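# Results of the structural survey
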Amino acid sequence: MSHERFHLVLQSSRMVTPRVRQLNFRREDGKPFDYVPGQFITLHLPSQDKELRRSYSIAGIHGETTEAQIAVTYVEGGRATKLLFALQPGERVEATGPFGKFVLRDDPPGRFLLVATGTGIAPYRAMLPQLRARLQGGQHQAVLLLGVRAPDELLFGEDFMGFAQDNPAFRFIASYSRQLPEPPLAHARKGYVQEHLMELSPDPQRDIVYLCGNPEMIDAAVASLKAVGFENHNLRREKYVSSN
Ligand SMILES: Cc1cc2nc3c(=O)[nH]c(=O)nc-3n(C[C@H](O)[C@H](O)[C@H](O)COP(=O)(O)OP(=O)(O)OC[C@H]3O[C@@H](n4cnc5c(N)ncnc54)[C@H](O)[C@@H]3O)c2cc1C
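Residues numbered from 1 in each chain as written. Predicted model: local features only at pLDDT ≥ 70, side-chain atom pairs only at ≥ 80, totals over all residues.

## A word on the nonpolar core
Here is the rule: Linking buried Ala, Val, Leu, Ile, Met, Phe, Trp, Tyr and Cys residues through C-beta atoms within 7 Å yields a set, and such a set is a nonpolar core. Comment: burial labels come from other C-beta atoms within 10 Å of the residue's own C-beta, placed from the backbone, where a count of 20 or more is buried, 12 or fewer is exposed, and between is partly exposed. A helix here means a DSSP run of H or I that spans at least four residues, while a strand means a run of E at least two residues long, and both kinds are numbered starting from the N terminus. By convention here, the domain bounds are inherited from an automatic or database domain assignment. This entry defines residue contacts through backbone-placed C-beta atoms, with two residues in contact when those atoms are within 7 Å.
Counting residues in each nonpolar core, the largest one holds 60 residues, and the members touching the most others are Leu-114, Val-115 and Leu-144. Looking at this core, the element that brings in the most residues is strand S8 (residues 140–148), giving 6 residues. Taken domain by domain, this core gets at least three of its residues from each of domain 1 (6–99) and domain 2 (110–239). Sequence-distant contacts of Leu-114, that is, excluding residues within four places in its chain, are made with Tyr-124, Ala-142, Leu-144 and Tyr-210.

This is the structure in structure tokens:
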């Protein structure tokens, strides 16, 4: 874990859904930016009274990019949101990291249940090459469940649908809480991601569950999973909360 501070310079950005902006950075000092898929970086942003510390999962597909890519949800009135949505190419931010233990481990054969809401999908996108290697080994399966409100919020959906086509041991399910896609698509379910997770009959003897994003979703899912026998060793969580 590195606490060294460095500057990241924005290379490019784009809106990837109506409420999510992807920001692609490089280190200003020219050093490579590397990370273990699933980790996050912390940005140290200027604010009137004190520095804001805000963490963002690294969204770049590991091995396919040397940029530090993040996906930021627009939060109404959010202080970091305001700064990050206004940031222009060539401008820089201070950062530390990467940090975090929300990563794939050398688990015994079984099924990964990867659950996310919104930008909580980012760590799983970073993990795609690692997941491919695990699944091709023949001893693992994975189901990814992404919770969004409506079809236009399906962040990085094409990456996961394409991955599912190429990898028979991988399944992608999107839970739409407000509006289903029209015409209906095979991956689409109406409702909340934690309901669809429990419909997969999670089994503490076989499954490892990763949960990332909205803290309320994670608490609700963990309560349901503990009720069927899951314990901390087969539950991995990354809650998206503001630090200060
Ligand atoms: C390990 C980690 C990884 C994270 N990764 C990501 C990521 O990849 N992408 C991402 O967008 N965010 C991520 N977050 C959340 C991020 O760090 C900020 O909390 C978020 O961007 C809001 O910061 P802000 O300063 O704009 O809002 P603030 O000024 O902190 O909050 C403004 C108001 O909005 C509320 N609020 C804060 N966040 C949300 C939210 N998500 N939805 C609705 N209301 C909210 C607050 O309670 C407050 O009332 C992560 C957090 C952690 C701890």
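## Section: the sheet that holds strand S12 (residues 235–239)
To keep things clear, this is the line we draw: By this definition, two strands are paired if DSSP reports at least two bridges between them. Every angle, taken between N-to-C directions, lies between 0 and 180 degrees, and every axis is a line fitted to C-alpha atoms, over only the stretch in contact when it is a helix.
Spatially, 6 strands are ordered S10-S9-S8-S7-S11-S12 in an open sheet, and the strand pairing comes out parallel. Whereas interior strands pair on both sides, the edge strands pair on one side only; in this sheet they are strand S10 (188–190) and S12. Ignoring which end each strand starts from, the neighbouring axes of this sheet average 15° apart. By the bridge criterion, 3 bridges tie strand S9 (residues 170–176) to S10 in an arrangement that is parallel. Across the sheet, residue Ser-175 finds its bridge partner in S10, namely Arg-189.

## Let's talk about the domain arrangement of the protein
Heads up, the condition is: Three categories are distinguished: nonpolar for Ala, Val, Leu, Ile, Met, Phe, Trp, Tyr, Cys and Pro, charged for Asp, Glu, Lys and Arg, and polar for the others, with Gly belonging to the last.
Here the protein is described as being made up of domain 1 (6–99) and domain 2 (110–239). Taken over C-alpha atoms, the centre of domain 1 sits 24 Å from the centre of domain 2. Contacts between the two partners involve 16 residues from domain 1, matched on the other side by 13 residues from domain 2. Listed by contribution, the elements that provide at least two residues to the side of domain 1 that touches domain 2 are strand S1 (6–17) and strand S5 (68–73). Its residues assigned to classes, the side of domain 1 that touches domain 2 comprises 8 nonpolar, 7 polar and 1 charged.

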